[in-house]
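Take a look at the letters that make up each chain.
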Amino acid sequence: HLDAAEKLVNLVGGRRREEVVHAVDDVSLDVREGEVVGLVGESGCGKSTLGRVVAGVHQPSDGKVIWRGKNVAGLSGAARRDALLKIQMIFQDPMSSLNPRMRVADIIGEAPRVHGLVPAAEIPAYVDEMLQRVGLDPAYKTRYPHQFSGGQRQRIGIARALAVKPDFLVCDESIAALDVSIQAQVLNLFMDLRTDLGLTYLFISHDLGVVEHLSDRVVIMYLGRVVESAPTEALFSGPNHPYARALLDEVPRIDRRKREFQPVKGEIPSPLSPPSGCHFHPRCPHATARCREEVPRLREIAPGWTSACHLNDAGA
Ligand code: SF4
Ligand code: MG
């Protein structure tokens, strides 16, 4: 049951003001080995924060991140570093995560060398292998990041992550910044890597078409909380939670390929002061007085399928 805070920086009357948002609020999430879990929600719902907590980039304010029986969030020093090597994060913007002054060979070869994962003499051949794995010509390794296209840079970012031999990739909007034609290629690369290397994924995206295509299971967040979690097919053929229904039902299947969510009716409330009770109540057509007061808990509505809505209570 994770909690995490994020600082939100606002400009108020020309002055910088920092406010702390309870970005992840009592979230419980499990990902099984070999699974692809899609994590979706509108911007500000906490999905990126949750992804960073899972990958160890951001510390939770409360709760545990259990990786193969160990609480990674509680580890420090070498134990933490070793555990976290197995969980790699792929970000949206490869340009900002690649050092512009390093050649590709060093970007990819550095971590395996520093962590002693590959003998020093074998690093050059290992870099070639990583580049080939992501579909890039090893001859490119003497170049710098700015000499590549966006899609190629994302492949370099993926090669760098793979170089430390991870088991689990947390992808945060990893294809969102790419041209649509390139997106499909990078998605295919992710899926090939899953088959070839047996990788597990937490795939964070606002693109429902991509998530439906890719995921075994989908988790939907709204203002810091998980509202529904279900096998992909079940969710897309009949979402339970009113928020999930608003997201999915109103979107004709054909339109899901479009990049953005169809807007759900009503404004997203500020994450700084989320509505009481069920956070969704101001936008929910089924809201009752109880919804304004009582937080609905996630409950199992079918095997492997949970939803957090008072309508699921017996007799409701
Ligand atoms: Fe709507 Fe109430 Fe269910 Fe929240 S708990 S989604 S407000 S019906
Ligand atoms: Mg985000």
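The name given to the chain in an unreviewed UniProt entry is ABC transporter ATP-binding protein, with the source organism recorded as Stappia taiwanensis. Quoted verbatim from the Sequence similarities (unreviewed entry) field of UniProt, the annotation for the chain is "Belongs to the ABC transporter superfamily." UniProt, in its Subcellular location (unreviewed entry) section for the chain, records the words "Cell inner membrane".

> Got a minute to help me understand the packing of helix α6 (residues 150-162) against helix α7 (residues 180-197) in this structure?
Pairs of packed helices are described in terms of their axes, by the angle between the two and the distance that separates them. It is the contact of α6 with α7, at a shortest axis distance of 10 Å, that shows an interaxial angle of 15 degrees. Taken together, the axis directions place α6 and α7 in an arrangement best described as roughly parallel. α6 and α7 meet at a crossing whose hand is right-handed. In contact with G150, G151, Q154, R155 and I158 of α6, α7 contributes I182, Q185, V186 and L189. Its residues assigned to classes, the contact of α6 with α7 comprises four nonpolar, four polar and one charged.

> Is there a simple way to explain the nonpolar core in this structure?
Nonpolar side chains tend to gather and get buried jointly when the protein is soluble and globular. Counting 70 residues, the largest nonpolar core has L39, A159, F203 and I220 as the members making the most contacts within it. With residues up to four places along the chain from it excluded, the contact list for I220 reads V40, G41, V227, E228, Y243 and A244.

Rules and cut-offs
Residues numbered from 1 in each chain as written. Chains lettered and ligands numbered in written order. Predicted model: local features only at pLDDT ≥ 70, side-chain atom pairs only at ≥ 80, totals over all residues. UniProt positions renumbered as here; feature names shortened; annotations may be inferred. Axes fitted to C-alpha atoms, helices over the stretch in contact; angles between N-to-C directions. Helix = DSSP H or I, 4+ residues; strand = E, 2+ residues; numbered from the N terminus. Parallel < 35°, antiparallel > 145°, perpendicular 65-115°, else oblique. Left-handed = near helix turned anticlockwise from the far one by under 90°. Contact = placed C-beta atoms within 7 Å. Nonpolar A, V, L, I, M, F, W, Y, C, P; charged D, E, K, R; others polar. Core = buried A, V, L, I, M, F, W, Y, C linked by C-beta atoms within 7 Å. Buried ≥ 20, exposed ≤ 12 C-beta atoms within 10 Å, placed from the backbone.

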